[in-house]
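Secondary and tertiary structure notes
Chain by chain, the residues run as shown.
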Amino acid sequence: MELESILLPGVDAKRPFVIAGPCSAETEEQVMEAARSLKSHGIKIFRAGVWKPRTKPGGFEGVGVEALPWLKRVKTELGMYTAVEVATAKHVRECLSHDVDILWVGARTSANPFAVQEIADALEGIDIPVFIKNPVNPDLDLWIGAIERIHNAGIRRIAAIHRGFSSSDKKIYRNLPLWHIPIELKRQIPNLPIICDPSHIGGRRELIAPICQQAMDLNFDGLIVESHCHPDKAWSDAAQQVTPDVLDFILNTLVIRDMTQSTENLTVLRRQIDDLDNSLLELLARRMRVSVEIGVYKKEHNMPILQEQRYGEIIANRVEQAGRMGMDAEFIKTVLVAIHEESVRHQMEVMKK
Ligand code: PEP
Ligand code: MN
């Protein structure tokens, strides 16, 4: 893909490229206070949400166009660059008429090709950096499709933002990182810079530092972090925002490993293995839960646990399928027998109850 550097004059070429600022522009004072404090810590690019996509109506939906002159002040008085999320052609036009420097497409928008195309059409003939967040659902092609639509409009300063993927499993993360997806994006479009958004992945401020470090270890190019001077009072995403001082501490404690190509690749590959093992474990746990349901059914209908014919069929089918997928028959038999043993153990527990 033909791309140009996203670096703006005065922004260092070293990793990480950092964008920071509040989730939302709330008031002129809040914007100026955050921008001043971030600037004092060397941050050059200020983010703020002006139009906020809310899951339900009635939440804080952003100040709207009224906030754009505040961002203009951040630019003219503090000399910072500004970045704003756009979701419609109108947002694009309003940002352009208020000299916003960088536009980004949010996760809910990048999941919708109609919306992305509308934005792309509004960008035709304009030269501005556009960053594209991954869609909320873990669909790499949809993410690449959004990037291509913007690229087809003639935009050449493009970066991808990894902000994690929506999931019903919210034990640790607000949005699952599924690192293998941005890694695969990087493999498919090697010259595309990737920026990590630890705030929306983590959803909690304690997770910002470790996620930033992981992104750096995976050789991501930049970070976009939500930062607010009074995080607990923020009108949106309060739990995940950090003060500019905390952000500065996090950035200063990051270890930026200057990896040689080979160890860098190894880290990336190991991360993929970790993710895949995770998926395997989740699948196995799901399979066991289904086994338990079958156990309950068998108990209610007075059926024996072991159904020889079914078991024989499973082994034969799977071994053949595994063979077609390039796996050894003996290997897959060992795996299936072990899985079956564990299933039977779960069903025995059900019978005992
Ligand atoms: C945001 O950056 O504040 C935002 C709304 O993010 P996302 O599109 O990733 O949910
Ligand atoms: Mn937010």
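Cut-off values and rules
- Residues numbered from 1 in each chain as written.
- Chains lettered and ligands numbered in written order.
- Predicted model: local features only at pLDDT ≥ 70, side-chain atom pairs only at ≥ 80, totals over all residues.
- Heavy atoms only, no water.
- Domains from an automatic or database assignment.
- Contact = heavy atoms within 4.5 Å.
- Buried area = accessible area lost by both parts, 1.4 Å probe.
- Salt bridge = Lys/Arg side-chain N within 4 Å of Asp/Glu carboxyl O.
- Polar contact = N/O pair within 3.5 Å; in protein donor to acceptor, adjacent residues only side chain to side chain.
- Helix = DSSP H or I, 4+ residues; strand = E, 2+ residues; numbered from the N terminus.
- Nonpolar A, V, L, I, M, F, W, Y, C, P; charged D, E, K, R; others polar.
- Donors = N, O, S within 2.8 Å, 3.2 Å for Na, K, Ca; no water.
- Core = buried A, V, L, I, M, F, W, Y, C linked by side-chain atoms within 4.5 Å.
- Buried < 20%, exposed > 50% of the residue type's maximum accessible area, 1.4 Å probe, protein only.

For the protein chain, the assigned domains read domain 1 (17–253) and domain 2 (264–352). Counting residues at the interface gives nine residues for domain 1 and seven residues for domain 2. Of all residues in domain 1, H180, I183 and L218 give up the largest surface area on contact with domain 2, accounting jointly for 52% of the area buried on that side. Counting across the interface, domain 1 meets domain 2 through zero salt bridges. Applying the counting criterion to the domain 1 and domain 2 interface returns two residue pairs in polar contact (both at pLDDT 80 or more). Put simply, the parts of the chain that give the side of domain 1 that touches domain 2 at least two residues each are α7 (180–188) and α9 (208–217). Looking at the side of domain 1 that touches domain 2, its residues break down into four nonpolar, three polar and two charged.

On to the coordination of the manganese ion (ligand 2), then. Within the protein, the manganese ion (ligand 2) binds to C23 (SG), H200 (NE2), E226 (OE) and D237 (OD); these donor distances fall in the range 2.1 to 2.4 Å. Along the chain, the residues donating to the manganese ion (ligand 2) fall in the pattern C-x176-H-x25-E-x10-D. Of this pair, E226 sits in strand β8 (residues 222–226) while D237 is found in the loop between β8 and α10 (244–253), placing the two residues eleven residues apart along the sequence.

Considering soluble globular proteins, one finds that nonpolar side chains tend to be buried as a cluster. Judged by nonpolar contacts, the single largest core of 75 residues is most densely connected at F46, L123, I132, W143, I150, L185 and L223. Ranked by residue count, the leading element in this core is helix α6 (residues 140–152), at six residues. Those residues in contact with I150 that lie beyond four places of it in its chain are V116, I119, A120, L123, V130, I132, I155 and I158. Counting residues in hydrophobic clusters, the runner-up holds 15 residues, among them V11, F17, I45 and Y81.

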